[in-house]
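Residue-level listing of the chains:
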Amino acid sequence: MLKTAVGLFETPGAANRVVHDLDLSAFPRNEISILGEPRDMAATGVMGTPRTDFEVGLNRELKTFGATEREANAYVQGVRRGGVIVLATGSNEEVDNAAQVMNRHGAIEVEELIGREPSTGGMMTRPYPP
């Protein structure tokens, strides 16, 4: 099973600093993702609800790779308020180190989840625009 450190940060700048420090610590770049609410969420039709669709998808994805209902809801609420999530997937040691980096940068919440690799598809941006 893979392990993923999930950290919620108040701003894209804080998330970018975490990614920079993870790069410096030789964390595999292809295993780091930044996720925030898309800036322009186009409606998918007359009845489209892009924000709700995004939040439901994010909640579902967080739970599929190990978050509890409470944890997933907390992360979705944080992103709704403008927060940004950093995901770092790797070995136990790599993820423990990533969680330490996230905590040093003032993460609002950090979890180490065990499950399948995150597959957030179109939800993520690398790096997140400032």
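Student: Would you mind going over the overall build of the protein with me for this structure?
Tutor: Each helix and strand in the protein was counted, giving 4 helices and 5 strands. Mapped in sequence order, the helices and strands of the protein form the string β-α-β-α-α-β-α-β-β. Relative to its full complement of 130 residues, the protein shows a buried share of 43%. At a minimum sequence separation of 6, the contacts of the protein that also span at least 24 residues come to 78%. On the protein, roughly 6700 Å² of surface is accessible, and the fraction owed to carbon and sulfur atoms is 52%.

Student: Even after reading the chapter, I still don't get helix H3 (residues 69-80), so can you show me in this structure?
Tutor: For an α-helix, 3.6 residues make a turn, and residues three or four places apart therefore share a direction. Along its 12 residues, H3 runs 16 Å from first to last C-alpha, staying within 8% of the 16 Å computed at 1.5 Å per residue. The complete set of buried residues in H3 reads Glu-71, Ala-72, Tyr-75, Val-76, Gly-78 and Val-79. The buried residues of H3 occupy an angular sector of 160° when projected down its axis, which confines them to one face.

Student: What is the right way to read the confidence of the model for the protein from this model?
Tutor: Where the model shows low pLDDT, its predicted coordinates should not be examined in detail. Considering every residue of the protein, the mean pLDDT works out to 82; 78% of them sit at 70 or more. Within the protein, no element has a lower average pLDDT than strand E5 (residues 124-125), which sits at 48, and none a higher one than helix H4 (residues 92-104), at 95.

Student: Looking at this structure, I do not really get H4. What am I missing?
Tutor: Taking 1.5 Å per residue as the helical rise, H4 with its 13 residues ought to reach 18 Å, and the 18 Å between its terminal C-alpha atoms agrees with that figure. Along H4, the residues classified as buried are Val-95, Ala-98, Ala-99, Val-101 and Met-102. Projected onto a plane normal to the axis of H4, the buried residues spread over an arc of 160° and lie on a single side. Exposed residues on H4 whose side chains face more than 90 degrees from its buried face are Glu-93 and Arg-104. Immediately downstream of H4, the backbone of Gly-106 shows phi near 75°, a positive value.

Student: Even after reading the chapter, I still don't get unusual backbone geometry, so can you show me in this structure?
Tutor: Positive phi, normally seen in glycine, also occurs at Ala-26, with a value near 70°. Relative to the helices and strands, Ala-26 is located in the loop between helix H1 (12-24) and strand E2 (32-36).

Student: Can you help me understand the pairing of strand E1 (residues 2-9) in this one?
Tutor: Successive residues of a regular strand alternate their side chains across the two faces of the sheet. The element E1 is extensively covered by neighbouring structure, given that 7 of its 8 residues are classed as buried. Strand direction decides the pairing type here: E1 and strand E3 (residues 84-90), joined by 7 bridges, are antiparallel. Opposite Val-6, over in E3, you have Leu-87 as the bridge partner.

Cut-offs and rules
- Residues numbered from 1 in each chain as written.
- Predicted model: local features only at pLDDT ≥ 70, side-chain atom pairs only at ≥ 80, totals over all residues.
- Heavy atoms only, no water.
- Helix = DSSP H or I, 4+ residues; strand = E, 2+ residues; numbered from the N terminus.
- Buried < 20%, exposed > 50% of the residue type's maximum accessible area, 1.4 Å probe, protein only.
- Contact = heavy atoms within 4.5 Å.
- Areas by Shrake-Rupley, 256 points an atom, 1.4 Å probe, with all protein chains shown as cover.
- Expected span 1.5 Å × (residues − 1).
- Arc of directions from axis to C-beta.
- pLDDT = per-residue confidence, 0-100.
- Pairing = 2+ DSSP bridges.

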